[in-house]
Amino acid sequence: TVHVFPDGERIATGVSAGIDAANRSVTIYNVSDGALLHTLLHGSLPTALLELSPCGRTLASVAGGALAVWDAASGRLEHALDADATGLVSAVAVSEGGDLIVASTVL
């Protein structure tokens, strides 16, 4: 999964294959020079879903059915929901301002 930030200056990628850390993380790159800005790792499984808020402020990722919500500018993990507590997250959407995350689960 790849998302281009609204400013066109960064991209976020989520890899859905592999078992090593590089293949289960979310990465944010600078478009102009390809520099890696952030590596976001949550859980031990590959990233299955990745959603960026339309404003580019919030990034949501799902790995192993667990949801993680990130500050896209700093790469800081803001919230996490464990799949054991919520069921497996199968879809996620982020509101315009990035302040509302909606996820559907499979119990």
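Residues numbered from 1 in each chain as written. Predicted model: local features only at pLDDT ≥ 70, side-chain atom pairs only at ≥ 80, totals over all residues. Heavy atoms only, no water.

Chemist: Where do I start with the sheet that holds strand 3 (residues 26–30) in this structure?
Modeler: Within a sheet, each strand pairs with its neighbour through backbone hydrogen bonds, oriented either parallel or antiparallel. With antiparallel pairing, 4 strands are arranged side by side in an open sheet as 1-2-3-4. Each end of this open sheet is capped by a strand with a single partner; those strands are strand 1 (2–4) and strand 4 (36–40). Strand-to-strand twist of the sheet, defined as the mean angle between neighbouring strand axes without regard to direction, takes the value 15 degrees. In this sheet, strand 2 (residues 10–14) lies alongside strand 1 in antiparallel orientation, the contact comprising 3 bridges. Each residue of the ladder has a partner; that of His-3, found in strand 2, is Ala-12. (Pairing = 2+ DSSP bridges. Helix = DSSP H or I, 4+ residues; strand = E, 2+ residues; numbered from the N terminus. Axes fitted to C-alpha atoms, helices over the stretch in contact; angles between N-to-C directions.)

Chemist: In this structure, what is going on with the sheet that holds strand 7 (residues 66–71)? I would like to understand it.
Modeler: As summarised here, the arrangement of the 4 strands in space is 5-6-7-8, forming an open sheet in which the pairing is antiparallel. Edge positions in the sheet fall to strand 5 (47–52) and strand 8 (77–81), since each of these pairs with one other strand and no more. In this sheet, neighbouring strand axes are inclined to one another by 15 degrees on average, regardless of whether the strands run parallel or antiparallel. Across 5 bridges, strand 5 lies against strand 6 (residues 58–63) in antiparallel orientation. Bridge pairing links Leu-52 to Leu-59 in strand 6.

Chemist: Looking at this model, I keep getting lost on the nonpolar core. Mind explaining?
Modeler: The tendency in soluble globular proteins is for nonpolar side chains to be buried as a group. Formed by Phe-5, Ala-12, Val-26, Ile-28, Leu-40, Leu-50, Leu-52, Leu-59, Ala-68, Trp-70 and Ala-72, the largest nonpolar core amounts to 11 residues. Counting residues per element, the ones that place at least two in this core are strand 3, strand 5 and strand 7. With residues up to four places along the chain from it excluded, the contact list for Ala-12 reads Thr-1, Val-2, His-3, Phe-5, Thr-27, Ile-28, Leu-50 and Leu-59. (Core = buried A, V, L, I, M, F, W, Y, C linked by side-chain atoms within 4.5 Å. Buried < 20%, exposed > 50% of the residue type's maximum accessible area, 1.4 Å probe, protein only. Contact = heavy atoms within 4.5 Å.)

Chemist: How should I be thinking about the packing of aromatic side chains in this particular structure?
Modeler: The relation between two aromatic rings is expressed through the spacing of the ring centres and the mutual angle of the planes. Scanning all chains against the criterion turns up 0 aromatic pairs. Above the ring of Phe-5, the side-chain terminus of Arg-10 is found at 3.9 Å from the ring centroid. (Phe/Tyr/Trp six-rings, centres within 6.5 Å; stacked < 30°, edge-to-face > 60°. Lys NZ or Arg CZ within 6 Å of the ring centre and 35° of its normal.)

Chemist: Mind showing me how you'd approach the pairing of strand 9 (residues 88–94) here?
Modeler: The two faces of the sheet receive side chains in turn, since in a regular strand these alternate between them. With 6 bridges joining them, strand 9 and strand 10 (residues 101–106) adopt antiparallel strand pairing. Following the sheet pairing, Ala-93 is matched in strand 10 by Val-102. Between the antiparallel neighbours strand 9 and strand 10 lie 6 residues, among them Gly-98 with a positive phi of about 80 degrees.

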